[in-house]
Amino acid sequence: MSVRVLLPGVLADLAGGSRRLEVDPADGTLAGLLDALAATHPVLERRIRDEAGQVRRFVNVYVDGDDVRFAAGLATPVPAGAVVQVLPSVAGG
């Protein structure tokens, strides 16, 4: 079961320069996807999740266009063929 993870340029450097990753989530959830991502790209995963294992406050994650914060969070289902976008918030003025 493969899932495509799309990263912005600012995070691509932490994934060997790749903006698109194919990941096989362990259990079909966002948590399983992030666990699988941690196995191959641990520095990237630490930028997405905090020390408690939760998605960082200023990182937005979308599964097939739906914000996981308004779904089931880390328990959000990630079916085969899904597209997961990881977008850090941008602040400034």
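In what follows, the structure referred to is the one given above.
What comes next concerns the included structure. The model shown is predicted, which means the values in this text are computed figures rather than measured ones.

Topic: helix α2 (residues 30-40)
An α-helix turns once every 3.6 residues. As a result, residues three or four positions apart point the same way. Among the residues making up α2, those that are buried are Leu30, Gly32, Leu33, Leu34, Ala36 and Leu37. Looking at the buried side of α2, the elements it contacts are β1 (3-6), β2 (20-23), α3 (42-48), β3 (59-63) and β5 (83-88).

Section: the pattern of salt bridges
Here the structure, examined in full by the defined rule, presents 4 salt bridges. Among the ionic pairs, Glu22 bridges to Arg4, the shortest N-O distance being 3.0 Å. Separated by 18 residues along the polypeptide, Glu22 in strand β2 and Arg4 in strand β1 bring together distant segments of the chain. For Glu22, a relative accessible area of 51% corresponds to the exposed category. With a closest N to O distance of 2.7 Å, Arg49 and Asp35 form a salt bridge. Placement of the pair is Arg49 in the loop between α3 and β3 and Asp35 in helix α2, with a sequence separation of 14 residues. Note on Asp35: relative accessible area 43%, which makes it partly exposed. Beyond isolated ion pairs, a larger network of salt bridges with shared partners links Asp35, Glu45 and Arg49.

The rules behind each value
Residues numbered from 1 in each chain as written. Predicted model: local features only at pLDDT ≥ 70, side-chain atom pairs only at ≥ 80, totals over all residues. Heavy atoms only, no water. Buried < 20%, exposed > 50% of the residue type's maximum accessible area, 1.4 Å probe, protein only. Helix = DSSP H or I, 4+ residues; strand = E, 2+ residues; numbered from the N terminus. Contact = heavy atoms within 4.5 Å. Salt bridge = Lys/Arg side-chain N within 4 Å of Asp/Glu carboxyl O.

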